[in-house]
Each structure stands twice: as C-alpha cells, then as structure tokens.
Amino acid sequence: MNLTKEITKDLLTIRAVQIDPQNYFTWTSGIQSPIYCDNRLTMSYPNVRNKITNAFINMVNQLDVKPDVIAGCATAGIPHAAWLANELKLPMIYVRGSAKEHGKGNQIEGKLEKNQNVLVLEDLISTGGSALNTVNAIKESEAHVLSVFAIFTYGLNKAAKQFAEEQVPCQTITSFDQLVDALVSTSKITQKDKDSLLKWRGSL
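Residues numbered from 1 in each chain as written. Predicted model: local features only at pLDDT ≥ 70, side-chain atom pairs only at ≥ 80, totals over all residues. Heavy atoms only, no water.

Undergrad: Summarise the packing of aromatic side chains; cite the residues concerned and give the values.
TA: Counted according to the given criterion, the structure contains six aromatic pairs. For the ring pair F56 and F149, a centre distance of 6.2 Å and an interplane angle of 10 degrees mean the geometry is stacked. Of this pair, F56 sits in helix α2 (residues 46-61) while F149 sits in strand β9 (residues 144-153), and the two are 93 residues apart along the sequence. Residue class for F149 comes out buried when judged on its relative accessible area of 0%. (Phe/Tyr/Trp six-rings, centres within 6.5 Å; stacked < 30°, edge-to-face > 60°. Helix = DSSP H or I, 4+ residues; strand = E, 2+ residues; numbered from the N terminus. Buried < 20%, exposed > 50% of the residue type's maximum accessible area, 1.4 Å probe, protein only.)

Undergrad: For the side chain of K194, give the residues involved together with the corresponding values.
TA: Along the chain, K194 falls in helix α7 (residues 191-202). Leaving out residues up to four positions away in the same chain, K194 has contacts with V180, D181, V184 and I189. (Contact = heavy atoms within 4.5 Å.)

Undergrad: Outline helix α4 (residues 129-140), supporting the account with residue identities and numerical values.
TA: Taking 1.5 Å as the rise per residue, α4 with twelve residues should run 16 Å; its terminal C-alpha atoms sit 16 Å apart, in good agreement. Regarding α4, the residues found buried are A131, L132, T134, V135, A137 and I138. Looking at the buried residues of α4, the elements they touch are β5 (69-73), β6 (92-95), β7 (108-109), β8 (117-125), β9 and α5 (157-166). Positive backbone phi, at 65 degrees, marks E142, one or two positions downstream of α4. (Expected span 1.5 Å × (residues − 1).)

Undergrad: Lay out the state of the cysteines with the relevant residues and their values.
TA: Tallied over the entire structure, the rule returns zero disulfides. With no disulfide of its own, C37 lies 13 Å from the sulfur of C170, the closest cysteine sulfur. The closest cysteine sulfur to the non-disulfide-bonded C170 is located on C73, 9.9 Å from its own sulfur. You can call C170 partly exposed: its relative accessible area is 31%. (Disulfide = S-S within 2.5 Å.)

Undergrad: Outline the pattern of salt bridges, supporting the account with residue identities and numerical values.
TA: Evaluated as defined, the whole model comprises eight salt bridges. Among the salt bridges present, the one from K51 reaches E6, with a minimum N-O distance of 3.1 Å. On the criterion of sequence distance, the pair formed by K51 in helix α2 and E6 in helix α1 (residues 3-13) is long-range, its members being 45 residues apart. Between K111 and E113 there is a salt bridge, with its nearest N and O atoms 3.3 Å apart. Among the residues examined, K111 registers a relative accessible area of 62% and is labelled exposed. (Salt bridge = Lys/Arg side-chain N within 4 Å of Asp/Glu carboxyl O.)

Undergrad: How would you explain α7 if you had to name every residue and give the values?
TA: The end-to-end C-alpha distance of α7, which contains twelve residues, comes to 16 Å, matching closely the 16 Å that a straight helix rising 1.5 Å per residue would cover. Among all positions in α7, only D193, K194, L197, W200 and R201 are buried. For α7, the buried positions fall inside an angular range of 120 degrees around the axis, keeping them on one side. Turned more than 90 degrees from where α7 packs its buried face, K192, K199 and G202 sit exposed. Tucked inside the fold, the buried residues of α7 contact β1 (17-19), β3 (32-33), β4 (35-37) and α6 (176-185). (Arc of directions from axis to C-beta.)

Undergrad: With reference to specific residues and values, describe the pairing of β5.
TA: Counting buried positions over the five residues of β5 gives five, a clear majority of the element. Alternating positions in β5 separate into two faces, V69, A71 and C73 on one and I70 and G72 on the other, with burial throughout. As defined by bridge partners, β5 adjoins β8 across four bridges and the pair is classed as parallel. Each residue of the ladder has a partner; that of G72, found in β8, is L121. Both β5 and β6 contribute to a ladder of four bridges, which runs parallel. Looking at the pairing, C73 lines up with V95 of β6. (Pairing = 2+ DSSP bridges.)

Here is the structure:
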C-alpha cells in the first residue's frame, strides 16, 4: 500500500474525516456538507502524523525550486509546518488570519526575509480562502510562494479557480475522490452514496 492510500485509510480510522450522506455538517463558511474533515486529530497519533510528514517530504523532493522557509497557516497548519521544517532543517514561520491588534501587530510570526522561497502548509483545502490569505500575506512581505501543500482537498471548483487566478500551485496528499473510493471499496458507503456525494461536490 502506498503512502497516499495509507494516509487516506488512517484519516478514516481515526475519524479525522467523517462522511454522512444523510445528515449534513455545516462548515465555517456556512456551506452545508455531507463530509467533515478535522485533521487536527492527526496530532494525537504519532504514527499518522509521521506518515503525513514523510508524504510532504516526498512532495518537497519533487519541487524544482526548494523552499528556504516553511510557513504554517494558523492554526491547523502550524504543527505540520513545524514537523516538516524540523525534518528538513529549515526555518519556520506561521501566518495568522489577520494582524494582531496588540503588541507588534504581526500577521506573520517568525523571521521572513525579502525574496525567500516559501512553502505554505495547510491542513485542508475547501474553498482555498485561508491558504490564499496566507499566500497574500507572504507576497506582501516581498517573499515568493513556491506552492501550497495540504493533507486533504475537497476538490471544489472554487478552490481550483482561486489558486489558478493567484498563479499558485496547490498539492495535497489525499482528496475527496480518493476518500470516497476507499469508502466504497471497504463497503462503508454504497455506489449510490458515492454518486450522491459527487453530485453534491459538483453543485458547489
């Protein structure tokens, strides 16, 4: 079993990803969804988080330009950025959703220098808004964003469109499609459920 399939299975096993085609969850954005992803749970499972870090390392190795700095999106991207930066022996920063209203008023915490190449880590991609908020904060600091890496993507058209508009690549370890296929193959959901889930995704 390859690393992507293992992590997909792990996310289901630890219930980091839950699917209920009958009873929808409400995302922060207000979107009603049959799937809910809470990758914060991976922090509590050393074996799972180590696999995730190794998958990110494999992805870094495929980059033509290597990062100078690893950036975590606050808050769920921070621990994964820390583990990856530690393994790569690279500096790390994290980026808040907005600047602090006290102290130095920082949005970016840690040292980021002009023209450095930055790899952004997020836990999941839904509409892409939080990751691109981080990207824009880094660009405003006159650094370069190589790519956004995340554990999971819902595969929404809105996210793909926004990343394309910003000309920022986005790669994930696993996805909605891989997850649904894993659920069908293990008889956790039916083909009819899968069709319903794909129809929901296509409606957004």
